[in-house]
There are 2 protein chains.
Amino acid sequence: MEKEVLLKNLGDRIREIREGKGITQKQLAHSIGKDQQSIQRLEAGKINPSIFYLHEVAKGLDVNMEFFFNQ
Amino acid sequence: MEKEVLLKNLGDRIREIREGKGITQKQLAHSIGKDQQSIQRLEAGKINPSIFYLHEVAKGLDVNMEFFFNQ
DNA sequence: TTTCAACACAACAAATCCGTTGTGTGTTTT
DNA sequence: AAAACACACAACGGATTTGTTGTGTTGAAA
């Protein structure tokens, strides 16, 4: 329960940042050597990503990882 | 390479916070339903922990997860 | 010295991650 | 309408995580 909420919120936050930058899931994915489906699952809160995974996503979005957690 | 550094830094940071609170690996582990060995691997940078795992550790240390990333 | 606490390291197995492939739906463009 | 784009969902499989058990080292306390 709590885990689902955490992952959902994280996914929403990442989507929010991505859309704010005006890039697609595919663009983000390819910029960090991943697939569109991986980003989809991340944003949907379907996976419990590792810290390095998030680190890569943060790089792809050009933000600091902290951005994923405050607010 | 880069991954190793990230995980090492994270582990060091967690250890720093834990020691600052004056608790042992075992106490931290048990407070969140884990084993001493799990915390040891985390602090040693030997694993690439999931975000939920870190969330639990943050709870056990009574800090916000952001603390793991700034400085 | 013996005992105990704290930490480190390794191996095993079940669970999970995540890259990949394939497909579907809705919207926009030509 | 046809084509292209953005996103969603599911299944497969190799890799990784992580709980568990067992063991070793070091230092402090008894």
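First, a word on scope: everything that follows refers to the structure included in this document.

In this section: the overall build of chain A. Looking only at helices and strands, one finds four helices and zero strands in chain A. Seen in sequence order, chain A has helices and strands lined up from the N terminus as α-α-α-α. C-alpha atoms of chain A, sized along the principal axes, occupy 30 × 25 × 20 Å. Here chain A holds 71 residues, and 46% of them are scored as buried. At a minimum sequence separation of 6, the contacts of chain A that also span at least 24 residues come to 55%. In the form shown here, chain A has an accessible surface area of approximately 3,900 Å², with 49% of it arising from carbon and sulfur atoms. Averaging the positions of the 11 positive and the 10 negative side-chain charges in chain A gives two centres separated by 5 Å.

Let's shift gears to the pattern of salt bridges. This model, assessed by the stated rule, comprises 12 salt bridges over all chains. Between Lys59 of chain B and Glu2 of chain A there is a salt bridge, with its nearest N and O atoms 3.4 Å apart. Linking Lys59 of chain B in helix H4 (residues 51-61) with Glu2 of chain A in helix H1 (residues 2-20), this pair reaches from one chain into another. A residue is classified by how much of its surface remains accessible, and Lys59 of chain B, at 44% relative accessible area, is partly exposed. The partly exposed category is assigned to Glu2 of chain A, whose relative accessible area is 39%. Ionic pairing is found between Glu16 of chain A and Arg13 of chain A, a salt bridge with its closest N-O pair at 2.7 Å. Of this pair, Glu16 of chain A and Arg13 of chain A both sit in helix H1, three residues apart, which is roughly one turn of that helix. Arg13 of chain A gets classed as buried once you look at its relative accessible area, which sits at 16%. Through salt bridges with shared partners, a single network forms among Glu2 of chain A together with Glu56 and Lys59 of chain B.

The next subject is the relation of the copies chain A and chain B. Here chain A sits on chain B after a turn of 180° about the axis and a move of 0.0 Å along it, with an RMSD of 0.0 Å. What the rotation and shift describe, once combined, is the action of a two-fold rotation axis. For chain A, the smallest separation between a C-alpha atom and the rotation axis is recorded for Ser50 of chain A, amounting to 1.9 Å. The residues that chain A uses at the interface reappear at the interface of chain B in 100% of cases, marking a shared surface.

Quick look at the nonpolar core now. Counting residues in each nonpolar core, the largest one holds 42 residues, and the members touching the most others are Val57 and Phe68 of chain A together with Val57 and Phe68 of chain B. For this core, the secondary-structure elements that each account for two or more residues are H1, helix H2 (25-31), helix H3 (36-43) and helix H4 (51-61) of chain A together with helix H1 (2-20), helix H2 (25-31), helix H3 (36-43) and H4 of chain B.

The rules behind the values
- Residues numbered from 1 in each chain as written.
- Chains lettered and ligands numbered in written order.
- Predicted model: local features only at pLDDT ≥ 70, side-chain atom pairs only at ≥ 80, totals over all residues.
- Heavy atoms only, no water.
- Helix = DSSP H or I, 4+ residues; strand = E, 2+ residues; numbered from the N terminus.
- Buried < 20%, exposed > 50% of the residue type's maximum accessible area, 1.4 Å probe, protein only.
- Contact = heavy atoms within 4.5 Å.
- Areas by Shrake-Rupley, 256 points an atom, 1.4 Å probe, with all protein chains shown as cover.
- Lys, Arg positive; Asp, Glu negative; His and termini not counted.
- Charge placed at Lys NZ, Arg CZ, Asp CG, Glu CD.
- Salt bridge = Lys/Arg side-chain N within 4 Å of Asp/Glu carboxyl O.
- Least-squares fit on C-alpha atoms with pLDDT ≥ 70 in both.
- Core = buried A, V, L, I, M, F, W, Y, C linked by side-chain atoms within 4.5 Å.

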